Amino acid sequence: MEIYKAVICPKCNGQGSEPGSKIETCPTCKGKGTITKNRRVGFFSFSNTETCSTCRGLGKKPEKVCSRCGGDGKVNDKVKLQARIPSGIMDGQIIKLSGQGEAASLGGQPGDLYLTIHVKPHSYLKRRGDDLYYDLFIHIAQAALGDKIEIPVLDGKVELKIPAGIDSGEVIRLKGKGMPRFGGRGRGDMMIKVNVRTPKKMSKKGRKLMEELREEL
Ligand SMILES: [Zn+2]
Ligand SMILES: [Zn+2]
């Protein structure tokens, strides 16, 4: 994936100084990194210590700041990253990539990158936990006589045996053909929900056979 984030400045290598320029002691804080301000109110004296804004508390500063990053030591750039997505991951789970977040100023520790995973819905498989659900449509003769039908599963196809006399709404369970279990062993199941379709248009012959069947039943 490509993301836009702060990276270590390639010109100064995160130092914040123009390459070749001398590093001098900060003239504002005289190298202490902090500035103490004293204030008198009547008999009382207050002192307040703050981080030096000239050198950002480092006590030294370059003679010339880096022209690319303006002395930050970091710049924003588009970065290509790779992350391994574990099998069986669920929608909403978060992957942490340590140290892959934004670069810190002037050589500090980089942050972490958190990826929230969203699983796109599949065109015909529904997921519930580790199980997958599939709607199978058969016609009445297949339901009455039984059949063998090739159906798609995650890793190819399997031949599904439809038992004779199955009803619409019955579910056939294919053990171990569901999603891999996240962080565990084995896989969930695939549930095939049988839907019996009644023909809407029939040929003359089809009608005749149906009429015979009606008398028979
Ligand atoms: Zn720089
Ligand atoms: Zn300073």
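Above this note sits the structure.
Everything numeric here is computed off the predicted structure, so don't read it as measured data.

Colleague: Hey, could you run me through the overall build of the chain in this one?
Modeller: Check the secondary structure of the chain and you find 2 helices and 14 strands. Taken over C-alpha atoms, the radius of gyration comes to 35 Å for the chain, far larger than the 17 Å a tight globule of 217 residues would show. Each principal axis of the C-alpha distribution contributes one length, and for the chain these read about 110 × 50 × 35 Å. Taking all 217 residues of the chain together, 29% fall into the buried category. Of the roughly 15,500 Å² of accessible surface on the chain, a fraction of 51% belongs to carbon and sulfur atoms.

Colleague: Hey, could you run me through the nonpolar core in this one?
Modeller: As a rule of thumb, soluble globular proteins bury nonpolar side chains together. Residues Leu-136, Ile-151, Met-190 and Ile-192 are the most contacted members of the largest nonpolar core, which totals 19 residues. Listed by contribution, the elements that provide at least two residues to this core are strand S10 (131–139), strand S11 (147–153), strand S12 (156–162), strand S13 (171–174) and strand S14 (190–197). Counting residues in each nonpolar core, the second largest holds 14 residues, with Cys-66, Ile-95, Leu-113 and Ile-117 among its members.

Colleague: Honestly, the coordination of the zinc ion (ligand 1) in this entry has me stumped. Any pointers?
Modeller: In a perfect tetrahedron of four donors around a metal, the angles come out at 109.5 degrees. In a perfect octahedron of six, they are 90 or 180 degrees. Bound to the zinc ion (ligand 1) are the protein donor atoms Cys-9 (SG), Cys-12 (SG), Cys-66 (SG) and Cys-69 (SG), situated 2.3 Å from the metal. The site at the zinc ion (ligand 1) holds 4 donor atoms, and with the angles between them running 103 to 117 degrees, its shape is tetrahedral. For the zinc ion (ligand 1), all donor residues lie on one chain, and their spacing in sequence is C-x2-C-x53-C-x2-C. Take Cys-9: its relative accessible area is 0%, and that puts it in the buried class. In this structure Cys-12 comes out as buried when scored by relative accessible area, which is 6%.

Colleague: Where do I start with the coordination of the zinc ion (ligand 2) in this structure?
Modeller: On the protein side, the zinc ion (ligand 2) has Cys-26 (SG), Cys-29 (SG), Cys-52 (SG) and Cys-55 (SG) as donor atoms, found 2.3 Å from it. Every donor counted, the 4 donor atoms about the zinc ion (ligand 2) form angles of 102 to 116 degrees at the centre, which fits tetrahedral coordination. Going along the chain, you hit the donors of the zinc ion (ligand 2) in the pattern C-x2-C-x22-C-x2-C. Each member of the pair, Cys-52 together with Cys-55, is buried.

Basis of the calculations
Residues numbered from 1 in each chain as written. Chains lettered and ligands numbered in written order. Predicted model: local features only at pLDDT ≥ 70, side-chain atom pairs only at ≥ 80, totals over all residues. Heavy atoms only, no water. Helix = DSSP H or I, 4+ residues; strand = E, 2+ residues; numbered from the N terminus. Rg over C-alpha atoms; globule rule 2.2 N^0.38 Å. Buried < 20%, exposed > 50% of the residue type's maximum accessible area, 1.4 Å probe, protein only. Areas by Shrake-Rupley, 256 points an atom, 1.4 Å probe, with all protein chains shown as cover. Core = buried A, V, L, I, M, F, W, Y, C linked by side-chain atoms within 4.5 Å. Donors = N, O, S within 2.8 Å, 3.2 Å for Na, K, Ca; no water. Tetrahedral: all angles 85-135°; square planar, octahedral: opposite > 155°, others 65-115°.

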